[in-house]
Amino acid sequence: MFSLKKILDFSRFTSKKKDGIFYNKMKELLGFSPKNLSLYSEAFTHPSYQYQKATRKSYERLEFLGDAILGAVIADYIFTNAPEENEGYLTKMRSKIVERRNLNRLGEELDLLSFLRTKLTPRQLGNNITGNLFEALIGAIYLDKGYKTCFSFIERKLILPNIDIKYLEEKVISHKSLLIEWCQKHKLDFLFEAEEDIEDKSETKYFIAKVHVEGYSVTRARATSKKKAEETAAKRACYKIQGKRHQKLDVK
């Protein structure tokens, strides 16, 4: 029969063994030795995994911090590497780099979901979970190692392998914003209309968005949210205008 001391000793042994495995996995992921392992454990803990609300810690606070640090690092990088560009250019480039799809894709490539402790299924976690975990990881690195190491990690994992400044200059992240800028530049009246598709009888709710320029209906689109429908309608409008002018919309 096991004594209480042996049970406690065994519990400590298994806990240390788990910490050792997690440490090695983090070291491989980060490319350096973590100092405060509890920060990285918190970065990969979902709120559903914690039972006591008063002492509950999850990735959410680190995600908030990581989002700010990531924005600062990207701003630092662009500011240094585009010395001749104005504030508007820098802001647009930063938005394109930290776009949610980029972060989600990077989180998937790093297989961050495999580290997550949660009681939920992958479907219940939502589409942005990998990007959220990447931001939480950035927050943990910043608290553990400081800004310099954080900058180096982001540059190595996000910027150098994935970011082409010239390509991003041509990339459009919001066709709705682009269309609005173009209409304002050319002093054209425009209107976005979006309403629920009441004729649709399926269980999923759909919305129809229309784009009007100078009182004329230019394009329309249908999607599961007003935002998506408006963006798709705006994208089609941009392509229509581009087709007539055989060039990219000029908003400079």
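Model, not experiment: these values are computed from the prediction. (Residues numbered from 1 in each chain as written. Predicted model: local features only at pLDDT ≥ 70, side-chain atom pairs only at ≥ 80, totals over all residues. Heavy atoms only, no water.)

## Things to note about the environment of Ile129
Then, number 1: One can find Ile129 in helix 7 (residues 129-145).
Then, number 2: Taking the C-alpha atoms as reference points, Ile129 and Glu108, separated by 21 residues in sequence, lie 9.4 Å from one another.
Then, number 3: Ignoring anything within four residues of it in the chain, the contact list for Ile129 reads Tyr59, Leu113 and Leu116. (Helix = DSSP H or I, 4+ residues; strand = E, 2+ residues; numbered from the N terminus. Contact = heavy atoms within 4.5 Å.)

## Concerning the nonpolar core
Then, number 1: Met26, Tyr40, Phe44, Leu112, Phe134, Leu137 and Ile154 are the most contacted members of the largest nonpolar core, which has 44 residues in total.
Then, number 2: Put simply, the parts of the chain that give this core at least two residues each are helix 1 (4-30), helix 2 (37-43), helix 3 (59-81), helix 4 (87-97), helix 5 (100-109), helix 7 and helix 8 (147-162).
Then, number 3: Not counting the four nearest positions on each side in its chain, Tyr40 is found in contact with Phe22, Met26, Leu30, Phe32, Pro34, Leu137, Ala140, Ile141 and Asp144.
Then, number 4: Formed by 16 residues, the second largest nonpolar core is a distinct cluster that contains Phe192, Ala209, Ala223 and Ala229. (Core = buried A, V, L, I, M, F, W, Y, C linked by side-chain atoms within 4.5 Å. Buried < 20%, exposed > 50% of the residue type's maximum accessible area, 1.4 Å probe, protein only.)

## Some details on the UniProt feature "binding site: Mg(2+)" (unreviewed entry) in the protein
Then, number 1: In the UniProt entry, the feature "binding site: Mg(2+)" (unreviewed entry) is given for Glu63, Asn132 and Glu135. Taken along the chain, the residues just named run across 73 residues; in space they keep tight, none of their C-alpha pairs more than 6.1 Å apart.
Then, number 2: Considering the arrangement of structural elements, one finds Glu63 in helix 3.
Then, number 3: Not counting residues within four places of it along the chain, the set of residues in contact with Glu63 comprises Asn132, Glu135 and Ala136.
Then, number 4: Tracing the backbone through its elements, the reader meets Glu135 in helix 7.
Then, number 5: Note on Glu135: relative accessible area 2%, which makes it buried.
Then, number 6: Once residues lying within four places of it in the same chain are set aside, the contact partners of Glu135 are Leu62, Glu63, Gly66, Asp67, Leu70, Arg100 and Leu103. (UniProt positions renumbered as here; feature names shortened; annotations may be inferred.)

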